[in-house]
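Structure at a glance
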Amino acid sequence: MYTLCLLHFSLSPMEEAIVIYPASMLTHLAPMVEFAKLLLTQHPSLSIHILIATLPSQPSSTVPSPVPPSITFHYLPTFDLLPTSTDLDPLFFDVIRLRNPDVRRTLLTISNNYTLNAIIVDFFCTSAAFEVASDLNLPAYSFLPTALGAAACLLYLPTLCNKFTQSFQHLNVLLDIPGAPPIPSADMPPTTFKGNKLYDVFLDIATNLPRSTGIIVDTFEYLEPKSFKEINDGLCLPDYPTPPLYCIGPLIVNTTVDGDGVPQCIKWLDSQPSKSVVFLCFGSLGSFSVQQLKEIAVGLERSGQRFLWIVRNPPLENQSLNIDTKVDPDLKSLLPPGFLERTKEKGLVVKSWAPQLAVLNHDSVGGFVTHCGWNSVLESVCAGVPMLAWPLYAEQRFNRVLMVEEMKIALPMVESETGFVSSTEVEKRVKELMGSKEGDSVRERALAMKHAARVATSEGGSTRIALAKLVESWKQK
Ligand code: UDP
């Protein structure tokens, strides 16, 4: 009897599981956790294991919550040698590779209790994690929390780099990249510039991408049809078969604000006319010099538009991204004398942070000045808010070209060669976005994309179909 019971136990099928391995920064981790939740709606019996690699400076409580019980977090040990700087560094990628033994150990532990179907890896971790996956004979999918146009660029990067000896930064040509509109070479992501400290790392990531069992991108087909077609037609990978592509977005991290905790900026928006306010917010890292902040203030005031502006401290000396986040900005010293007083009827300046998703979905908001971070773009698309594209770092200049030329959901903010934007440009573009034929045209497109995003994520929509195909794909392995 005892033997029989044991036999029965060992023959009963183990629960199916997958592992998700995000990069440590919150704006990569959050969409992957949303992705896990979405997968469960498609495949409720699946057990999902998320590997969490926190930065030394990041408490583990930054992991988004709440999640369903079938999602389990596994914390990988922290490496003290990781730079605490927010600037990406080659050391960041070295640490990803150093984590491989821990990743391997965790996968083996999970596979003791589950049938492990696949690992889905943030593209920042692919080069390292693919080694472990291939060792364990586990299908490995890449996950890109980026535009599909940016994914096309990454896939095509090794081919493109072979075509030019000079760095894109100095080429001054329009680059022909399948899956993207013509891209001014200077608008390529800085990590693709020869001589950039991350050039080799990104080339290595790009070279490894075709090894993926599938490529999962946080976008939806209707938003980027050209990229979808041309990647699928194999144009980005002339020398390799293109892995299957799954557009499973838009993934929006639902942060609600209600009850007593309604932030002051939402209350202020309640008192503004419908679609009258332009919202200025520049991601989790965007910040400006004092001179640039003053210039924005002058431009905003002259535009005469209502505005809600999130202001951060300027970057620390000699750094482009790191700001002093412990201290709130002293608005009086950062903004022109009398600005806050003169604009108090029309504008609100908020220190450091606002609940962006709630703001974008507020009826009073009619336009968004954004740094073109991909989460922000998708949040604006889902809220149907047209954008003014003011890129600051990473692949954001590339995104601006996609948003303006391809998706037609944004007008461009045009900077000087040094990157400075004049008050005249701010005034002109804000007016254009909020009250001109061009502004109306991107507003209409943004609303159409909001509708299309809803269709994509509804039953029978392209995102749902892609998810079903994805689940089917690892079942067949
Ligand atoms: N965000 C926010 N309030 C702020 C600034 C940013 O809620 O004041 C959120 C925003 O909604 C988005 C994320 O932070 O979800 C920023 O991600 P994105 O990819 O746009 O930019 P990144 O910070 O990665 O450059």
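Identification of the protein as Glycosyltransferase from Gossypium hirsutum is taken from an unreviewed UniProt entry. Per UniProt, the protein has the following entry under Sequence similarities (unreviewed entry): "Belongs to the UDP-glycosyltransferase family."

1. Overview of the sheet that holds strand β1 (residues 16–21)
Taken together, the seven strands give an open sheet; going across it, the order is β3-β2-β1-β4-β5-β8-β9, and neighbouring strands pair in parallel fashion. Of all strands in the sheet, those bounded by a partner on one side alone are β3 (71–75) and β9 (245–247). For this sheet, the mean inter-axis angle between neighbouring strands, taken without regard to orientation, is 25°. Alignment of strand β4 (residues 115–122) against strand β5 (residues 140–144), held across four bridges, turns out to be parallel. Considered in β5, the bridge of Ile 120 is made with Tyr 141.

2. Focus on the pairing of strand β2 (residues 47–52)
Counting buried residues along β2, six of its six residues qualify, which places the element largely inside the surrounding structure. At this point the chain moves from β1, through helix α2 (residues 26–42), to the parallel β2, and the crossover so formed is right-handed. In this structure, β2 lies alongside β3, joined through five bridges in parallel fashion. Note that in β3 the partner of His 49 across the bridge is Thr 72.

3. A closer look at the pattern of salt bridges
Enumeration over the complete set of coordinates arrives at 18 salt bridges. We note a salt bridge from Glu 131 to Arg 97, for which the minimum N-O separation is 2.9 Å. Taken together, the residues Glu 131 in helix α5 (residues 126–135) and Arg 97 in helix α3 (residues 90–98) connect sequence positions 34 residues apart. Under the relative-accessibility criterion, Arg 97 is labelled partly exposed at 35%. For Glu 427, the salt bridge identified is with Lys 431, shortest N-O distance 3.0 Å. Here Glu 427 pairs with Lys 431, and both are found in helix α17 (residues 423–434), just four residues apart, close to one helical turn. By relative accessible area, which is 15% here, Glu 427 ends up buried. Taking the relative accessible area as the measure of exposure, Lys 431 reaches 37% and is therefore partly exposed. Via salt bridges that share partners, Asp 187, Arg 397, Arg 400 and Glu 415 belong to a single interconnected network.

About the cut-offs
- Residues numbered from 1 in each chain as written.
- Predicted model: local features only at pLDDT ≥ 70, side-chain atom pairs only at ≥ 80, totals over all residues.
- Heavy atoms only, no water.
- UniProt positions renumbered as here; feature names shortened; annotations may be inferred.
- Pairing = 2+ DSSP bridges.
- Helix = DSSP H or I, 4+ residues; strand = E, 2+ residues; numbered from the N terminus.
- Axes fitted to C-alpha atoms, helices over the stretch in contact; angles between N-to-C directions.
- Buried < 20%, exposed > 50% of the residue type's maximum accessible area, 1.4 Å probe, protein only.
- Right-handed = clockwise from strand over helix to strand, strands pointing away.
- Salt bridge = Lys/Arg side-chain N within 4 Å of Asp/Glu carboxyl O.

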